[in-house]
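Read off the chains here:
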Amino acid sequence: MSEAHKEPRWERRKQDRPQELLAAALQLFVERGFAATRLEDVATRAGVSKGTLYLYFDSKESLFKSVVRSNMLPLLDEAEAMVDGHQGSSAELLRQLIMRWWEAVAHSGLCGITKLMMAESGNFPELARFYHEEIIVRSDAMMVRILQNGMARGEFRQVDAESMKKVIIAPVVMLMLWDQSFGPCAISPIDPQAYLASLIDLCIHGLNQSHGPGDDTQKSHNK
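Numbering of residues starts from 1 in each chain and follows the order in which that chain's sequence is written. Since the coordinates come from a predicted model, pLDDT governs what is reported: local features require at least 70, and pairs of side-chain atoms require 80 or more to be given and counted, while whole-chain, interface and lining totals use all residues. Hydrogen atoms and water are omitted, and side-chain values are computed over all heavy atoms in the structure.

A. The confidence of the model for the chain, seen in detail. Note on scores: pLDDT gives the predictor's confidence for each residue, bounded by 0 and 100. Scored by pLDDT, the chain comes out at a mean of 87, with 87% of its residues at no less than 70. Note that residues 212–223 has pLDDT below 50 and, in this model, seven contacts with residues that lie over four places away or in other chains. Contact between two residues is taken to exist if any of their heavy atoms lie within 4.5 Å; hydrogens are not considered.

B. Looking closely at the packing of aromatic side chains. Centres within 6.5 Å make a pair out of two Phe, Tyr or Trp rings, where for Trp the six-membered ring is used; the pair is then stacked when the planes are under 30 degrees apart, edge-to-face when over 60, and tilted otherwise. Inspection of every chain in the model, using the stated rule, returns five aromatic pairs. Seen in terms of ring centroids, Phe-29 and Phe-34 are 5.7 Å apart; in terms of plane orientation they differ by 15 degrees. Their pairing is stacked. The pair formed by Phe-29 and Phe-34 is uniform in burial state, with each residue classed as buried. An angle of 80 degrees between the planes, with centres 5.6 Å apart, marks the rings of Phe-34 and Phe-64 as edge-to-face. Taken together, the residues Phe-34 in the loop between α1 (3–32) and α2 (39–46) and Phe-64 in helix α4 (residues 60–85) connect sequence positions 30 residues apart. Connected via pairs of aromatic rings, a cluster forms that spans Phe-29, Phe-34, Phe-64 and Phe-124. Burial classes: relative accessible area under 20% of the type maximum marks a residue as buried, over 50% as exposed, and values in between as partly exposed (1.4 Å probe, protein chains only). A run of H or I in DSSP counts as a helix once it spans at least four residues, and a run of E counts as a strand once it spans at least two, with each numbered from the N terminus.

C. Focus on helix α9 (residues 192–207). To estimate the expected span of a helix, subtract one from its residue number and multiply by 1.5 Å. The first and last C-alpha atoms of α9 sit 22 Å apart over 16 residues, in line with the 22 Å expected at 1.5 Å per residue. Along α9, the positions that sit buried rather than exposed are Leu-196, Leu-199, Ile-200, Cys-203, Ile-204 and Leu-207. The buried residues of α9 occupy an angular sector of 125 degrees when the element is viewed end-on, so they sit on one face. Close packing links the buried residues of α9 with α5 (90–105), α7 (125–152) and α8 (161–180). In this structure Asp-191 caps α9, since a side-chain oxygen of it lies 3.1 Å from the backbone nitrogen of Gln-193. To be clear, the arc concerns the directions from the helix axis to the C-beta atoms. Identification of polar contacts relies on pairs of N or O atoms within 3.5 Å, with a donor-acceptor requirement for protein atoms, meaning one able to donate a hydrogen and the other able to accept it, and with residues adjacent in sequence counted only if both atoms are side-chain atoms.

Here it is, written out as structure tokens:
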């Protein structure tokens, strides 16, 4: 094969290298956690030298941030675009958002990132702040927006959107943690689709404007 044919293939390989490093890093962070993952192991799994890794990432912290950004931010962009363009009911938007999020993160390694942050954020506060500012703040704001829009349109009863968003998000986080802990051990297996369907049913019926008892609870809470 001529040199003219070899050069483009080499260039494509070089361009792919950051993504290969990010993929290897995601696997190792999920398998071992942040503290136990070494840069030389990431380089080995990606099939490059440690020196090559340092051409793209100057520390384990910067590598981890790039892993989170490259995997999580596109999902947030997609979810926000879905909220922006939704034409149907707020209940249906809530349903679609929860189900699509799970479809995107299930068995992709991203559930493992959530578990890592829950387990190790106390030891790495800088990474916790980073994850909160770039991921959690955006996802929380999106959920609050759905709730506020639903209330403004008369579809949802009046609730404290800031508190309610935590109530809705927490079971999804729990499912992600279960997937990475008890799930692989087959201890009391959970059917994710049935679990999420039950969560969505509970949320929608609890938020429904015509749900009388909830109004009494909210009035009592506000006294």
